[in-house]
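# Residue-level structural notes
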Amino acid sequence: QVQLVESGGGLVQAGGSLRLSCTASGRTFTSYAMGWFRQAPGKEREFVAAISWSGGHTHYADSVRGRFTISRDNAKNTVYLQMNSLKPEDTAVYYCAAANFWVPGSSLAGDYWGQGTQVTVSS
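These numbers were taken from a predicted model, which means no experiment stands behind them.

## Considering the overall build of the protein
Tallying secondary structure elements over the protein gives zero helices and eleven strands in all. For the protein, the succession of helices and strands along the chain, N to C, is β-β-β-β-β-β-β-β-β-β-β. Over its C-alpha atoms the protein spans a radius of gyration of 13 Å, differing by no more than 12% from the 14 Å that the globule rule assigns to 123 residues. Seen along its three principal axes, the alpha-carbon backbone of the protein occupies a region of about 40 × 30 × 25 Å. In the protein, buried positions account for 43% of the 123 residues. Per element, the accessible surface of the protein, about 6200 Å² overall, is 49% carbon and sulfur. The distance from the centre of the 10 positive side-chain charges to the centre of the 8 negative ones in the protein is 5 Å.

Okay, here's the thing in structure tokens:
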């Protein structure tokens, strides 16, 4: 079992940047794949990005590819989401997720979830 806590959300103008962090605690010795999802009001939760335990494999949703970068620092038990060139449609609650199994190239099915952090992009 693992606990996830997100941070770094806030209000930014369109075209700006923001970096989200997710710190894991608990069974951090387990080789979890990590990912980010987001959910806007009235919409389904959607996949954003995923990264393997080693960091050697990443996958992005088409809507964020080229603008967002996922990375991780296992020594700090932390995964990051660097968001550049933000657009108003990026506004959502962003959730960190961990999975026991992940097939690179596909979206990640989360086994554990954080509480979410709000990202608001003004036009």
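Back to the text.
## What about the pattern of salt bridges?
In total, this model carries four salt bridges according to the counting rule given. One salt bridge in this structure joins Arg65 and Asp62, with 2.5 Å as the shortest N-O distance. Under the relative-accessibility criterion, Asp62 is labelled exposed at 65%. In this structure, Arg67 and Asp90 form a salt bridge, with 2.8 Å as the shortest nitrogen-oxygen distance. Of this pair, Arg67 sits in the loop between strand E6 (58–60) and strand E7 (68–73) while Asp90 sits in the loop between strand E8 (78–83) and strand E9 (92–99), placing them 23 residues apart in sequence.

## Considering the state of the cysteines
One pass over the full model with this rule turns up one disulfide. At a sulfur-sulfur separation of 2.1 Å, the disulfide partner of Cys22 is Cys96. Disulfide Cys22-Cys96: the torsion about the S-S bond is -80°, which places it as left-handed. Remark: Cys96 occurs in strand E9 and Cys22 occurs in strand E3 (residues 18–26); sequence separation between them is 74 residues. For Cys22, a relative accessible area of 0% puts it in the buried group.

## What to know about the side chain of Thr78
Of note, Thr78 is situated in strand E8. The exposure class of Thr78 is buried, given its relative accessible area of 8%. Polar contacts involving the side chain of Thr78 include one to the main-chain carbonyl oxygen of Lys76, which spans 2.8 Å. What Thr78 contacts, discounting residues up to four positions off in sequence, is Ser21, Cys22, Thr23, Arg72 and Asp73.

## What to know about unusual backbone geometry
For Asn77, which is not a glycine, the phi torsion comes out positive at approximately 55°. Its identity is not glycine, yet Ser85 carries a phi of approximately 50°, on the positive side. By the secondary structure assignment, Ser85 is in the loop between E8 and E9. Judged by relative accessible area, Ser85 falls into the partly exposed class, the value being 40%.

## Re the packing of aromatic side chains
For the coordinates displayed, the defined rule picks out three aromatic pairs. Ring geometry for Phe37 versus Phe47: centroids 5.6 Å apart, planes at 75°, classification edge-to-face. Of this pair, Phe37 sits in strand E4 (residues 33–39) while Phe47 sits in strand E5 (residues 46–51), and the two are ten residues apart along the sequence. You can call Phe37 buried: its relative accessible area is 8%. Residue classification places Phe47 among the buried residues on the basis of a relative accessible area of 13%. What links up through ring pairs into an aromatic cluster is the set Phe37, Phe47 and Trp113. The cationic tip of Arg45 hangs over the ring face of Tyr95; the distance from NZ or CZ to the ring centre is 4.0 Å. For the cation-ring pair, Arg45 lies above Trp113, with the distance from its terminal atom to the ring centre recorded as 4.6 Å.

What counts and what doesn't
- Residues numbered from 1 in each chain as written.
- Predicted model: local features only at pLDDT ≥ 70, side-chain atom pairs only at ≥ 80, totals over all residues.
- Heavy atoms only, no water.
- Helix = DSSP H or I, 4+ residues; strand = E, 2+ residues; numbered from the N terminus.
- Rg over C-alpha atoms; globule rule 2.2 N^0.38 Å.
- Buried < 20%, exposed > 50% of the residue type's maximum accessible area, 1.4 Å probe, protein only.
- Areas by Shrake-Rupley, 256 points an atom, 1.4 Å probe, with all protein chains shown as cover.
- Lys, Arg positive; Asp, Glu negative; His and termini not counted.
- Charge placed at Lys NZ, Arg CZ, Asp CG, Glu CD.
- Salt bridge = Lys/Arg side-chain N within 4 Å of Asp/Glu carboxyl O.
- Disulfide = S-S within 2.5 Å.
- Polar contact = N/O pair within 3.5 Å; in protein donor to acceptor, adjacent residues only side chain to side chain.
- Contact = heavy atoms within 4.5 Å.
- Phe/Tyr/Trp six-rings, centres within 6.5 Å; stacked < 30°, edge-to-face > 60°.
- Lys NZ or Arg CZ within 6 Å of the ring centre and 35° of its normal.

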